[in-house]
Amino acid sequence: VQLQAFGGGLVQAGGSLRLSCAASGLTFSGYNMGWFRQAPGKEREFVTGISWSGGRTSYSDSVEGRFTISRDNAKNTVYLQMNSLKAEDTAVYYCAADRDRNFFIATMFSDYDYWGQGTLVTVSS
């Protein structure tokens, strides 16, 4: 199984970025997917998740209304559209796959089975 996250970069506060995560080696449509992030000196935290069908999503309070998760099962890819970026959004962003297909989107690091390598997002103020 391989998850490749890309699309990170340097952006000014208020700007936008779109991250992508391409999956291979698994039946993508059978997995709930999540995005986590880890800032320097901080623990990895849940950002957002989406159900296997795309019909359910969950967002952390810190990104609700600014970030949007989506997926394309035909392309084995999950996306994270990030708008109105703030300096505190600076972190390495990781995509992850959860094989349990639970109704509720998992928010715990330990609930996810596979992880991508991360992509760095830096927001300058």
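Calculation rules
- Residues numbered from 1 in each chain as written.
- Predicted model: local features only at pLDDT ≥ 70, side-chain atom pairs only at ≥ 80, totals over all residues.
- Heavy atoms only, no water.
- Buried < 20%, exposed > 50% of the residue type's maximum accessible area, 1.4 Å probe, protein only.
- Helix = DSSP H or I, 4+ residues; strand = E, 2+ residues; numbered from the N terminus.
- Pairing = 2+ DSSP bridges.
- Axes fitted to C-alpha atoms, helices over the stretch in contact; angles between N-to-C directions.

Caption draft 1: The pairing of strand E7 (residues 67-72), seen in detail. Residues Phe67, Ile69 and Arg71 of E7 are buried on one face, while the alternating residues Thr68, Ser70 and Asp72, pointing to the opposite face, are not. Bridge count for E7 against strand E8 (residues 77-82) is six bridges, and the pairing is antiparallel. Across the sheet, residue Phe67 finds its bridge partner in E8, namely Met82.

Caption draft 2: The arrangement of the sheet that holds E8 in detail. What the four strands build is an open sheet, ordered E1-E3-E8-E7; its pairing is antiparallel. In this open sheet, the two edge strands, each paired with only one partner strand, are strand E1 (2-6) and E7. Each neighbouring strand pair of the sheet contributes to a mean axis angle of 15 degrees, computed without reference to strand direction. Note: E1 against strand E3 (residues 17-24), five bridges, orientation antiparallel. Across the sheet, the residue bridging to Gln4 is Ala22, located in E3.

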